[in-house]
Amino acid sequence: NTVWAFATAGVAAEALFGAMASAAVNRIGDFNPQNLANTVWAFATAGVAAEALFGAIAGAAVNRIGDFNPQAMANTAWAFAT
């Protein structure tokens, strides 16, 4: 939710996003579909590149795609297309 808030506010705090990306990769298995969608959306919206995070989210999303609601699926697809 932290990176979502910063992205929504239009603040790309690079150090914060970098720290959050590293932490998120290590805990990606704890994320539910909405957490995955919100996180990848926030990074895409803020224009912050995080290849390892996007890779981890992609893998987690593929494994749990049946659990995504339409909004989470759309936000995730948009983030990867951006």
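Residues numbered from 1 in each chain as written. Predicted model: local features only at pLDDT ≥ 70, side-chain atom pairs only at ≥ 80, totals over all residues. Heavy atoms only, no water.

(A) View of helix α5 (residues 70-81). An ideal rise of 1.5 Å per residue puts 16 Å on 12 residues; α5 measures up with 16 Å between its terminal C-alpha atoms. Of the positions making up α5, those classed as buried are Ala72, Thr76 and Ala79. For α5, the angular spread of buried residues about the axis comes to 65 degrees, placing them on one side. Exposed positions of α5 whose direction lies more than 90 degrees from the buried face are Pro70, Gln71 and Ala81. The secondary structure elements touched by the buried residues of α5 are α3 (33-46) and α4 (51-63). At the N-terminal boundary of α5, the capping side chain belongs to Asn69, with an oxygen 3.0 Å from the backbone nitrogen of Gln71. (Helix = DSSP H or I, 4+ residues; strand = E, 2+ residues; numbered from the N terminus. Expected span 1.5 Å × (residues − 1). Buried < 20%, exposed > 50% of the residue type's maximum accessible area, 1.4 Å probe, protein only. Arc of directions from axis to C-beta. Contact = heavy atoms within 4.5 Å. Polar contact = N/O pair within 3.5 Å; in protein donor to acceptor, adjacent residues only side chain to side chain.)

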